[in-house]
Amino acid sequence: METKQLGKTDIFVSAIGLGGMPMSISNRPPESQSIQVIHRALELGITFIDTADSYCKDESDKHHNERLIHKALTSYKGDVSQVIVATKGGLMRPNGSWTSNGNPEHLRQTIQASFEALGGAKPIDVWQYHSPDTNYTIEESLTAVKEAVEAGLIRFVGVSNFSVEQIKQARDVVDIISVQNQYSPWQRQPENDGVLKYCEQQGLTFLPWSPFGGSRRHQNLQDISAIAQLAKEKGVSVYNIVLAWLHSKSPAILPIPGASKVSSIEDSVEAINVKLSDQEVQKIDRAT
């Protein structure tokens, strides 16, 4: 498996990660199936898994995905010492909806809960502030995170759904190694708002969430003629082409496609072997 440096740390992780969300939301598969997916990802060389406290059905189910990942890692018969689990906090799931909560006290509580859900034996590898809450300054919210780093609950910190200015504000409070924003053929804002370029310049890892456009759009990738044509020419799936496109867009990018089936993560890993020329990347750019 090709590897990629995580921020400016001395850690290298797989160039494609595994997103855990589909295994824990309302239409999630049986637990045994999800554990098979995670185990297969590990067998294939994936060493970066992305999760969140809010990957669950609702507030009564909080931290479900973190607990699931911990269970899968502890039941895996191979070596997991190099696996990095990145979680997030700062979103609530009242009745299954998504709302921001940057209250410092809430963040202190959810960091502790995430620490325990992930086993409580070592600091959380990467904790990411899931989304800014306009009711609190970034300094107010992230001061609680800095405290958790100093207390040994968190090793590295990232942010999600942040603008360049907000990332700069965050870095004034605590060291940041990653940024997780939406990026797909349908959502190319990171190219236009400067976030992707900033990550490249500052040595931050960029984690594109919803790389296939989300549950409502991923089945429509075939409708983008450039993607469909390249998939046919190269004998791979349209998902492979999208991941290869992301991989080609910037050295900062580490795709984290979600999966709830073994076949899905097997397909995603195949994207490592798909190479796109500059002309092919531009062809997709023009079509999206």
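This is a predicted model, so every value here is computed, not measured. (Residues numbered from 1 in each chain as written. Predicted model: local features only at pLDDT ≥ 70, side-chain atom pairs only at ≥ 80, totals over all residues. Heavy atoms only, no water.)

Structurally, His 130 is set in the loop between β8 (124-129) and α4 (138-150). If we skip the residues at most four places from it in the chain, His 130 touches Ala 52, Ser 54, Tyr 55, Lys 88, Gly 89, Gly 90, Leu 91, Ser 160 and Asn 161. (Helix = DSSP H or I, 4+ residues; strand = E, 2+ residues; numbered from the N terminus. Contact = heavy atoms within 4.5 Å.)

Where like charges cluster on the molecular surface, the negative patch consists of Glu 139, Glu 140, Glu 165 and Asp 172. Looking at the secondary structure, you find Asp 172 in the loop between α5 (164-171) and β10 (178-182). (Patch = residues over 30% accessible without salt bridge, like charges linked within 9 Å, V, L, I, M, F, W, Y side chains within 5 Å. Areas by Shrake-Rupley, 256 points an atom, 1.4 Å probe, with all protein chains shown as cover. Salt bridge = Lys/Arg side-chain N within 4 Å of Asp/Glu carboxyl O. Lys, Arg positive; Asp, Glu negative; His and termini not counted. Charge placed at Lys NZ, Arg CZ, Asp CG, Glu CD.)

Let's shift gears to helix α7 (residues 195-202). Among the residues of α7, Val 195, Leu 196, Tyr 198 and Cys 199 are the ones counted as buried. Viewed along the axis of α7, the buried residues span an arc of 160°, placing them on a single side of the element. In this structure, α7 carries Lys 197 and Gln 201 as exposed residues pointing more than 90 degrees from its buried face. Buried residues along α7 sit against α5, β10, α6 (189-192) and β11 (205-209). (Buried < 20%, exposed > 50% of the residue type's maximum accessible area, 1.4 Å probe, protein only. Arc of directions from axis to C-beta.)

A few words now on helix α9 (residues 238-249). Helix length check: α9 (12 residues) gives 17 Å between terminal C-alpha atoms against 16 Å at 1.5 Å per residue, within 8%. Buried within α9 we find Val 238, Asn 240, Ile 241, Val 242, Leu 243, Ala 244, Trp 245 and Leu 246. Close packing links the buried residues of α9 with α6, β11, α8 (225-234), α10 (262-270) and α11 (278-287). (Expected span 1.5 Å × (residues − 1).)

With that settled, the discussion passes to the nonpolar core. Judged by nonpolar contacts, the single largest core of 74 residues is most densely connected at Leu 18, Ile 38, Ile 154 and Phe 206. Take this core: its biggest share by element is 7 residues, from α9. When residues no more than four places from it in sequence are discounted, the contact partners of Phe 206 are Val 179, Asn 181, Tyr 183, Pro 190, Val 195, Leu 196, Cys 199, Ala 252, Ile 253 and Leu 254. Listed in part, the 12 residues of the second largest apolar core include Leu 6, Ile 11, Phe 48 and Ile 256. (Core = buried A, V, L, I, M, F, W, Y, C linked by side-chain atoms within 4.5 Å.)

A pair of packed helices is characterised by two quantities: the angle between their axes and the separation of those axes. α10 packs onto α9 with a crossing angle of 45° between their chain directions and a minimal axis gap of 8 Å. When the interaxial angle is binned, α9 and α10 end up oblique. In this structure, the crossing between α9 and α10 has a hand that is right-handed. On the side of α9, the interface is formed by Tyr 239, Asn 240 and Leu 243, while α10 contributes Asp 267, Ser 268 and Glu 270. For the contact of α9 with α10, a count of residues per class yields 2 nonpolar, 2 polar and 2 charged. (Axes fitted to C-alpha atoms, helices over the stretch in contact; angles between N-to-C directions. Parallel < 35°, antiparallel > 145°, perpendicular 65-115°, else oblique. Left-handed = near helix turned anticlockwise from the far one by under 90°. Nonpolar A, V, L, I, M, F, W, Y, C, P; charged D, E, K, R; others polar.)

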